[in-house]
Amino acid sequence: MRVLVVEDEEFLAEMIAAGLRRDAVAADVAHDGQAALAKLRLGAYDVLILDRDLPGLHGDEVCRHVVQQGLLTRVLMLTASGTVRDRVDGLGLGADDYLTKPFAYEELLARVLALGRRARPALPPVIERAGVAVDTARRQAVRDGRPLALSRKEFAVLEVLLRAQGAVVSGDDLIEEVWEEHTSYRTNAVRVTLSKLRAKLGDPPVIETVPGAGYRLGGARPDGDGPGPDDRHGAADGLRPGTAR
C-alpha cells in the first residue's frame, strides 16, 4: 500500500509517516496543497491522508482534484473541527472518511488499511500461493506451515508478489509499491531485501527472476522445471540501473 500524507504541521506529518512505515506502508509526505498535487500527478497512491485546513491551496481543493481527475486514491480527511456540519461538508467534497484531531494513531492506521482495501481489487485477507501465505490483517507470513520472521519491507515485497497471483511484477512496480519516493536501484535496497526474503523462504526457491521483466512467485518456467539457480540469487534482477521513484 502507498500513502501520501499531506499535513502542514511538519512534526505531525513525519510522525504519521514514520508510524505507517513501521507498519509496512510506504508513505510520502507533502506539507502544502501545491506539493500534494505535484506528487499526485507523479505517483499512484492508494490513500491520501489530507489535512483539510492547509495554508495556501486549501485541502478542499486537493480533494476536488482527486475527484475531478477520477483518481482511484481514497481520501482520509483530517481536521481540528469535529462538528457534524464540517464532517458532512468534507464527505460531500468526495472524501471517503473523516478523522478529527487529536486522534489515536491506531485508529488512523485502521482507517487507512480499510481505505486501502477499497482502493484495490478485493482479495481474501489470507493470500496463498506455492505453499506461501500471508495474513494481511495479522501481518503474519508462513511457508508450508512454518512461520516466517520477516522485516516490514520483506513482508511488503512478499505481499505484492502474492497479490500478483503468479504474474510478473516489474522492478519499477515493486519500488512503486513498497518503497518511499526517491528510492533508487543504486541503493541496493531492493536487491538486499529480495536476497534476505529468498533466504528466509528457504528451499526450494519460489521467487523467480524473469530477466529484463521483473519477479514472480511460484510461476512455472517454460520448461516446467521451476525457478533456476540464477533466479534464486537474483542474477538478473529485472530492474534497470538508475530506476527511481
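Structural data are supplied above this passage.
The rules behind each value
Residues numbered from 1 in each chain as written. Predicted model: local features only at pLDDT ≥ 70, side-chain atom pairs only at ≥ 80, totals over all residues. Heavy atoms only, no water. Helix = DSSP H or I, 4+ residues; strand = E, 2+ residues; numbered from the N terminus. Contact = heavy atoms within 4.5 Å. Pairing = 2+ DSSP bridges. Axes fitted to C-alpha atoms, helices over the stretch in contact; angles between N-to-C directions. Core = buried A, V, L, I, M, F, W, Y, C linked by side-chain atoms within 4.5 Å. Buried < 20%, exposed > 50% of the residue type's maximum accessible area, 1.4 Å probe, protein only. 1 Å grid on protein atoms, 1.4 Å probe; cavity = no way out; pocket = protein on both sides within 12 Å on 5 of 7 lines; lining within 4 Å. Points joined across faces, edges and corners; volume = space filled by probe spheres on them. Nonpolar A, V, L, I, M, F, W, Y, C, P; charged D, E, K, R; others polar.

Asks: Sorry if this is basic, but what is going on with the environment of Leu 194 here?
Replies: Looking at where Leu 194 falls in the secondary structure, it is placed in helix α8 (residues 189–201). The spatial distance from the C-alpha of Leu 194 to the C-alpha of Lys 153 is 9.3 Å, given a sequence separation of 41 residues. Discounting chain neighbours no more than four positions away, the residues touching Leu 194 are Val 157, Leu 174 and Tyr 215.

Asks: Just to check I follow, could you spell out the sheet that holds strand β4 (residues 74–79) for this structure?
Replies: Strand pairing in a sheet relies on backbone hydrogen bonds, with the paired strands running either antiparallel or parallel. Taken together, five strands build an open sheet; the order of strands is β2-β1-β3-β4-β5 and the sheet is parallel. Two strands in the sheet have a free side with no partner beyond their single neighbour: β2 (26–30) and β5 (97–100). Each adjacent strand pair in this sheet contributes to an overall mean axis angle of 20°, direction not counted. Two strands pair when backbone bridges link them, and strand β1 (residues 2–6) and strand β3 (residues 47–51) are joined in this way by four bridges, in the parallel orientation. Across the sheet, residue Leu 4 finds its bridge partner in β3, namely Leu 48. Helix α3 (residues 59–68) rests against β3 and β4 of the sheet, and its axis sits at about 160° to β3.

Asks: Got a minute to help me understand the nonpolar core in this structure?
Replies: Looking at soluble globular proteins, one finds that nonpolar side chains tend to be buried together. Ranked by internal contacts, the top residues of the largest apolar core, which has 26 residues, are Val 157, Leu 158 and Leu 174. Of all the elements in the fold, those that place two or more residues in this core are β7 (132–135), α6 (152–163), α7 (171–178), α8 and β11 (214–217). The greatest single-element share of this core, amounting to seven residues, is contributed by α6. Leu 174 has contacts with Val 157, Val 160, Val 169, Trp 179, Val 190, Leu 194 and Tyr 215, leaving out every residue within four places of it along the chain. Counting residues in hydrophobic clusters, the runner-up holds 19 residues, among them Ala 13, Ile 16, Val 25 and Leu 109.

Asks: Quick question: what am I supposed to make of the layout of surface pockets here?
Replies: Over the atoms rolls a probe the size of a water molecule, and its path tells where empty space is left. Considered as a void within the structure, the second largest pocket measures approximately 340 Å³ in volume. Lining of the second largest pocket is provided by 19 residues; of these, Met 1, Leu 113, Thr 136, Arg 139 and Glu 159 occupy positions nearest its centre. At the level of elements, α5 (105–119), α6 and α7 are the ones that each hand at least two residues to the lining of the second largest pocket. Residue composition of the lining of the second largest pocket, grouped by class: ten nonpolar, two polar and seven charged.

Asks: What am I meant to see in unusual backbone geometry here?
Replies: In terms of backbone geometry, most residues other than glycine have negative phi values and most peptide bonds are trans. Cis geometry is found at the peptide bond from Lys 101 to Pro 102, where omega equals -10°. Turning to its location among the elements, Pro 102 is positioned in the loop between β5 and α5. The omega torsion across Asp 203 and Pro 204 is -10°, close enough to zero to call that bond cis. Mapped onto the elements of the fold, Pro 204 is located in the loop between α8 and β10 (207–210). Unusually for a residue other than glycine, Asp 144 sits at a positive phi of about 50°. The topology assignment puts Asp 144 in the loop between β8 (140–143) and β9 (146–147). Residue classification places Asp 144 among the exposed residues on the basis of a relative accessible area of 61%. Even without being a glycine, Gln 165 presents a positive backbone phi close to 55°.

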